[in-house]
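Examination of the molecular architecture
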Amino acid sequence: MKSVEEFLAYAAKLEEEAALRFGELADAMESCGNSDVGQLFRRLSDYSRMHLSDARARAMYRDIPDLKPAEFQWPDLESPETAHIWAADPFLGHAQALEIAREAEEASRDYYKSILDTTDDPEIKALAKEFFDEESEHVREIHKWIAASKEGRRVTAG
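Reading the values: the criteria
Numbering of residues begins from 1 in every chain and follows the order in which that chain's sequence is written. It should be noted that, the model being predicted, local features are given only for residues of pLDDT at least 70 and side-chain atom pairs only at 80 or more, the latter also being counted only at that level, while totals for whole chains, interfaces and linings use all residues. The basis for every side-chain value is the complete set of heavy atoms in the structure, and neither hydrogens nor water enter the calculation. Basic side-chain nitrogens of Lys or Arg form a salt bridge, by our definition, when they fall within 4 Å of a carboxyl oxygen of Asp or Glu. By the criteria applied, helices consist of DSSP H or I runs no shorter than four residues and strands consist of E runs no shorter than two, each listed in order from the N terminus. Exposure classes here rest on a 1.4 Å probe applied to the protein chains alone. A residue is buried below 20% of its type maximum, exposed above 50%, and partly exposed in between. The criterion used for residue contact is that any of the two residues' heavy atoms lie within 4.5 Å. To qualify as a nonpolar core, a set must consist of buried Ala, Val, Leu, Ile, Met, Phe, Trp, Tyr and Cys residues joined through side-chain atoms within 4.5 Å. Here the axes come from fitting lines to C-alpha atoms, over the contacting stretch only for helices, and the angles between their N-to-C directions go from 0 to 180 degrees. Throughout this description, any angle smaller than 35 degrees is read as roughly parallel, any larger than 145 degrees as roughly antiparallel, any in the 65 to 115 degree range as roughly perpendicular, and the remainder as oblique. Following the grouping adopted for this structure description, the nonpolar residues are Ala, Val, Leu, Ile, Met, Phe, Trp, Tyr, Cys and Pro, the charged ones are Asp, Glu, Lys and Arg, and the polar ones are all others, Gly among them. Space inside and on the surface of the protein is sampled on a 1 Å grid over the protein atoms alone, with a cavity defined as a set of points where a 1.4 Å probe fits but cannot get out and a pocket as an open set with protein on both sides within 12 Å along at least 5 of 7 lines; lining residues have an atom within 4 Å of a point. Grid points are joined across faces, edges and corners, and a volume is the space filled by probe spheres set on the points. Two rings from Phe, Tyr or Trp (for Trp, the six-membered ring) form a pair when their centres are within 6.5 Å of each other. A pair whose planes differ by under 30 degrees is stacked, one over 60 is edge-to-face, and the rest are tilted. Only Lys NZ and Arg CZ are tested; either one counts as a charge over a ring when it is within 6 Å of the ring centre and within 35 degrees of the ring normal.

By the definition in use, this model includes 18 salt bridges. E106 is paired through a salt bridge with R102; the nearest N and O atoms lie 2.6 Å apart. Taken together, the residues E106 and R102, both in helix α3 (residues 94–118) and four residues apart, mark about one turn of the helix. Taken together, the salt bridges that share partners define one network made up of E99, R102, E103 and E106.

Right, dumping it as structure tokens:
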């Protein structure tokens, strides 16, 4: 990352894409009657929307670069928190959905950690640490959901 503005452009795009993908997955699950998994994906979409609002609020008085989708350079093909599209399978089980969510949240956490570990800019470092901490909390929550699921309890949104 070369600037705080670039960091915020990436953070906003990451959260926007995560919110959209989790929302699409929630819609797909709910439309085929898999409401349990739909609620889980909806909750994750809501988390991403909150982070997107935060990133946009921080960018409000800055000159954020208007990057086109092809200009973003992610560690993989899509932004880190974008859940696998195959998660739209209507037969996806609760445990599988939790694993998909875990993978997406861990990828996002790891992305912010890599920025935290490689930047020398104190303002970028502070923002990356904050976003890393938020994603780490999501990972911890998903691990609790996974543990509850393995014990036969379901943790649903609400």
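Having seen it, we continue.
This part is about the environment of H138. With respect to the helices and strands, H138 occurs in helix α4 (residues 122–150). Looking at H138, the relative accessible area reads 8%, which means it is buried. Note: C-alpha distance between H138 and D36 (102 residues apart in sequence) is 18 Å. With sequence-adjacent residues up to four places away left out, H138 is seen in contact with Y47, H51 and E105.

The biggest cluster of nonpolar side chains holds 21 residues, and the ones touching the most others in it are F7, Y111, Y112 and F131. Residue assignment for this core shows that the elements contributing at least two residues are α1 (4–31), α2 (35–59), α3 and α4. Setting aside anything within four residues of it in sequence, one finds Y112 in contact with F7, A11, L14, E15, A128, F131, F132 and E135. Membership of the second largest hydrophobic core comes to 18 residues, among which are A26, V37, A101 and I142.

The subject of this paragraph is the packing of α2 against α4. Two elements in contact, α2 and α4, have axes separated by 13 Å at closest approach and are oriented at 170°. Judged by the angle between their axes, α2 and α4 are roughly antiparallel. Contact residues: L40, R43, L44, Y47, H51, D54, A55 and R58 in α2; L127, E130, F131, E134, E135, H138, E141, I142 and W145 in α4. For the contact of α2 with α4, the class distribution of residues is eight nonpolar, two polar and seven charged.

Now for the layout of surface pockets. For the second largest pocket, the calculated volume is near 200 Å³. In this structure, the second largest pocket is lined by 13 residues; those nearest its centre are L8, A9, A12, K13 and I64. Elements with a minimum of two residues in the lining of the second largest pocket: α1 and α2. Considering each element in turn, the lining of the second largest pocket owes the most residues, five residues, to α1. Of the residues contributing to the lining of the second largest pocket, the split by class is nine nonpolar, no polar and four charged.

So, about the packing of aromatic side chains. All told, the structure shown has nine aromatic pairs when counted by the stated rule. Taking 5.5 Å as the distance between ring centres and 5° as the angle between the ring planes, the aromatic pair formed by F72 and W74 counts as stacked. Like F72, the residue W74 is buried in the burial classification. The ring centre of F132 lies 5.9 Å from the NZ or CZ of K113, which sits over that ring.

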